[in-house]
Amino acid sequence: MAEITLIDAIRQAMDEELGRDESVFIVGEDVGKRGGVFRATMGLFEKYGEERVIDSPLAELSIVGVGIGAALYGMRPICEIQFADFIYPAFNQIVSEAAKMCYRSNGEWTVPMVIRAPYGGGIGGGLYHSQSVEAFFAHVPGLKVVIPSNPYDAKGLLKSAVRDPNPVIYLEPKKGYRLIRGEVPEGDFTVPIGPANVTRKGSDLTVYAYGMMHYYTLQAAEKLASEGVDVEVVDLRTIYPVDKQTVLESVKKTGKALIVHEDNLTGGYGGEIAAIIAEEAFTDLDAPVRRLCGPDVPAVPFSHPLQDWFMPNPDKIAKAMRDLAAY
Amino acid sequence: MELSNDTKLEMYWMMLLSRRLDERAWVLHRQGRIAFHISGIGQEAAQVGAAFALRRGEDWVTPYYRDLALMICLGYTPRDFLLALTGKKAEPTSGARQMPSHWSLRKANAVSHSAPVATQCPHAAGIGLAIKMRKEDKVVLTNLGEGSTSQGEWYEAVNWAAIHQLPVIFMVENNQYAISVPADKQMAVPSSADKACGMGLRGISVDGTDVYAVYTTVAEAVAHARAGNGPTLIEARMYRLTPHSSDDDDRTYRSREEVDEAKKTDPLTVARQTLEGEGLLTKAKLEEMEARVKEMVDDAVQFAEKADYPDVADAMFPVYAEEVGRG
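Residues numbered from 1 in each chain as written. Chains lettered and ligands numbered in written order. Predicted model: local features only at pLDDT ≥ 70, side-chain atom pairs only at ≥ 80, totals over all residues.

S.K.: Just to check I follow, could you spell out the overall build of chain A for this structure?
M.R.: What chain A contains, in helices and strands, is 12 helices and 14 strands. Relative to the 2.2 N^0.38 estimate, which gives 20 Å for 327 residues, the radius of gyration of chain A is 19 Å and therefore close to what a compact globule would have. In terms of its C-alpha atoms, chain A occupies a principal-axis envelope of roughly 60 × 45 × 40 Å. For chain A, with 327 residues in total, the buried portion stands at 58%. Here the contacts in chain A between residues at least 6 apart in sequence split such that 80% fall between residues at least 24 apart. (Helix = DSSP H or I, 4+ residues; strand = E, 2+ residues; numbered from the N terminus. Rg over C-alpha atoms; globule rule 2.2 N^0.38 Å. Buried ≥ 20, exposed ≤ 12 C-beta atoms within 10 Å, placed from the backbone. Contact = placed C-beta atoms within 7 Å.)

Structure below.
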């Protein structure tokens with residue numbers, strides 16, 4: 001089986017879905033001739049033509065709003081927001097239109113669409129090319145929010161997202177685009193939206209993560225293993241709706257929980273996992289639930305030392321694991 | 001595009017039915033029998049004229065909340081409207097989840113919309129894009145107020161439609177007020193249609209109190225779009241003869257003299273005079289129509305007041321497409 005990068009897996013999924021279903025199309029800034037600023041759509045314009053790989057005007061709200069209209073008509077748009085940081089002009093269309101369409105029409109209208117966006121820091125992108133936006137959308141009934149951490153899941157989840165009858169926010173850890181490699185079968189397979197994945201079995205404590213932080217968490221867990229601490233790692237993969245069962249099963253076994261994300265601490269997604277554990281696994285806990293997150297500053301600063309200060313990394317995660325294990 | 005005498009009378013009937021329904025809603029509100037009403041009085045000519053220019057049920061519409069007469073032309077019934085006003089379970093557009101006058105009618109290709117203005121315009125562009133991708137000869141009509149032309153959503157939608165020559169008709173129902181703010185505080189040009197010139201599409205202003213003039217203008221724009229020649233921006237000039245909604249008091253921002261002056265060109269009166277002048281509408285015929293309308297409105301009120309409220313158990317659904325039909 002071929003080992004490919006995260007971004008290759010994403011491209012492969014789109015290529016196969018465009019080939020499978022004529023109603024699928026891609027729309028976004030620079031997705032056509034340029035093949036995307038990260039090259040996620042490289043070669044697709046040449047293969048499927050300008051009517052199915054559409055270079056949009058430089059205006060995010062209508063990338064999504066036009067996508068919604070096409071979806072209402074029966075198409076299956078994949079909307080690319082060039083950086084998650086640029087998604088806010090489309091916030092109204094995502095949250096107030098796409099997410100609410102099914103409920104507000106009592107099921108008369110549905111919006112089958114995918115909104116892809118590269119997110120996250122560590123790439124020298126400063127405040128406006130580094131943001132994590134998942135918490136905004138994981139608050140909104142009607143949306144599904146998916147964040148892959150490896151090429152296999154990236155391909156399988158994106159295919160599921162394209163085929164899903166609802167709006168799916170698909171966030172891609174861009175730091176891992178070419179860094180994270182893995183074996184991915186060619187041809188059709190899907191990974192279901194919803195279930196989390198226990199990616200490392202352990203008994204001493206559980207770490208919950210997704211995207212790039214999941215990649216770092218596995219590295220940190222290896223380090224802790226050499227120190228005699230047995231860490232279980234849960235890759236949440238779909239953060240909304242969340243897989244409560246897997247979250248709870250793990251913490252009930254280990255008794256200790258750490259949540260890692262690079263989004264800001266306050267109001268971040270980790271608070272939701274902590275609340276689920278507090279409500280439904282309180283008596284199983286041997287330690288307070290801990291969070292390792294980005295600090296509460298507006299976004300990731302540009303200069304390298306400042307960026308390093310902001311970002312969680314394997315060393316910081318390992319330290320948080322040690323502290324929790326010692327509690 | 002010449003209208004038959006029967007069609008002219010049918011158009012008058014649609015205006016009359018919409019007007020009397022709208023008036024009854026005001027009465028019911030003042031009697032404390034409904035909670036809210038937002039009116040389309042004064043705008044019926046533009047809506048009926050535009051509706052009759054479409055292949056109704058085949059072409060698509062993304063309406064806004066003053067489009068009662070448009071919806072009546074598309075098959076929305078007096079009973080449907082009263083079920084919405086009273087918030088009853090059988091309300092067909094949203095199961096009474098939405099406020100009244102937030103339309104949707106799947107069988108007529110009339111798309112569900114929200115309350116923030118101009119949000120429906122990108123959907124129209126997306127529907128137009130899908131029509132073009134599928135090489136069909138349908139068109140989409142999107143209606144909006146002149147206040148909505150201040151929104152970025154509208155500019156982005158018009159820009160898309162113009163770039164890709166999409167079969168979209170943007171009809172601005174310029175009723176001179178966005179709640180309390182007059183048109184000259186919304187735009188620096190005398191007509192909403194003037195905004196077309198910088199965006200690469202045709203802009204036409206028409207007397208929106210003349211149902212037959214609007215029909216002719218929209219029919220020409222529809223033919224233009226259907227032939228693949230792209231979008232048209234139409235301004236229909238009119239006056240909002242009522243307060244913004246049942247919660248508004250327009251005496252706080254405009255004089256009674258101004259409103260009385262506008263009533264001289266009430267579109268229902270204008271249409272009646274036209275038909276009388278052409279010998280199509282006799283006093284006896286008019287009385288028969290009024291009696292028939294009253295019967296229908298009375299029936300709708302009684303029907304809705306006897307109808308059941310929604311079950312609270314159904315309120316959890318359908319948030320996602322998988323849940324349609326559940327509950």
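Back to the text.
S.K.: Help me understand the packing of helix α9 (residues 244–254) of chain A against helix α10 (residues 270–280) of chain A, please; the structure alone is not making it clear to me.
M.R.: The description of two helices packed together rests on the angle between their axes and the distance between the axes. Residue and element names in this part refer to chain A. In contact at an axis separation of 10 Å, α9 and α10 are set at 65° when each is read in the N-to-C sense. For the crossing formed where α9 meets α10, the hand is right-handed. Contacts between α9 and α10 involve K244, V247, L248 and V251 on the former and, on the latter, I273, I276, I277 and E280. Its residues assigned to classes, the contact of α9 with α10 comprises 6 nonpolar, no polar and 2 charged. (Axes fitted to C-alpha atoms, helices over the stretch in contact; angles between N-to-C directions. Left-handed = near helix turned anticlockwise from the far one by under 90°. Nonpolar A, V, L, I, M, F, W, Y, C, P; charged D, E, K, R; others polar.)

S.K.: For this particular structure, what's the right way to read the packing of helix α1 (residues 5–30) of chain B against helix α2 (residues 44–52) of chain B?
M.R.: All names here are of chain B. Close contact between α1 and α2 brings their axes to 10 Å; oriented N to C, the two are set at 135°. Here α1 lies oblique to α2, going by the angle between them. The way α1 lies across α2 gives a crossing that is right-handed. On α2, the residues touching T7, M11, M14, M15, S18 and R19 of α1 are E44, A45, V48 and F52. Partitioned by chemical class, the residues of the contact of α1 with α2 number 6 nonpolar, 2 polar and 2 charged. (Parallel < 35°, antiparallel > 145°, perpendicular 65-115°, else oblique.)

S.K.: Help me understand the environment of G124 of chain A in this model?
M.R.: Among the structural elements, G124 of chain A can be located in the loop between β5 (113–119) and α6 (134–137). Contacts of G124 of chain A, omitting those with residues within four sequence positions, involve F302 and Q307 of chain A.

S.K.: How should the environment of A221 of chain B be read in this particular structure?
M.R.: Residues and elements named next belong to chain B. Locating A221 in the fold gives a position in helix α7 (residues 211–226). Classification of A221 by C-beta neighbours within 10 Å gives buried; the count is 27. In this structure, the C-alpha to C-alpha distance between A221 and R202, residues 19 residues apart in sequence, is 9.2 Å. The residues contacting A221, other than those within four sequence positions of it, are I169, T232 and I234.

S.K.: Even after reading the chapter, I still don't get the sheet that holds strand β12 (residues 238–240) of chain A, so can you show me in this structure?
M.R.: Two strands in a sheet stick together by hydrogen bonds in their backbones, pointing the same way (parallel) or opposite ways (antiparallel). Residues and elements named next belong to chain A. Read across the open sheet, the 7 strands follow the order β3-β2-β4-β5-β7-β6-β12; overall the sheet is mixed. The sheet is open, and its two borders are formed by β3 (53–55) and β12, each paired with just one other strand. The sheet shows a mean angle of 20° between the axes of neighbouring strands, direction not considered. Two elements, strand β6 (residues 144–146) and strand β7 (residues 167–173), share 3 bridges in a ladder whose sense is parallel. Of the residues in β7, the one forming a bridge with V146 is Y170. (Pairing = 2+ DSSP bridges.)

S.K.: What exactly am I supposed to notice about the nonpolar core here?
M.R.: The tendency in soluble globular proteins is for nonpolar side chains to be buried side by side. Counting residues in hydrophobic clusters, the biggest one holds 202 residues, and the most contacted among them are M321 of chain A together with M15, I169 and I234 of chain B. In terms of domain composition, this core takes at least three residues from each of domain 1 (3–183) and domain 2 (197–325) of chain A. With residues near it in sequence (within four places) discarded, I234 of chain B still touches I169, F170, M171, V172, A193, I204, V206, T217, V218 and A221 of chain B. (Core = buried A, V, L, I, M, F, W, Y, C linked by C-beta atoms within 7 Å. Domains from an automatic or database assignment.)

S.K.: Is there a simple way to think about the domain arrangement of chain A in this case?
M.R.: Frequently, the measure chosen for interface size is the accessible area that the parts lose on association. All names here are of chain A. Split by domain assignment, chain A resolves into domain 1 (3–183) and domain 2 (197–325). In this structure, domain 1 and domain 2 have C-alpha centres spaced 26 Å apart. Opposite the 26 residues of domain 1 that make contact, domain 2 presents 25 residues. Going through the elements one at a time, α6, β6, α7 (151–163) and β7 are the ones with two or more residues in the side of domain 1 that touches domain 2. For the side of domain 1 that touches domain 2, the residue count by class is 12 nonpolar, 10 polar and 4 charged.

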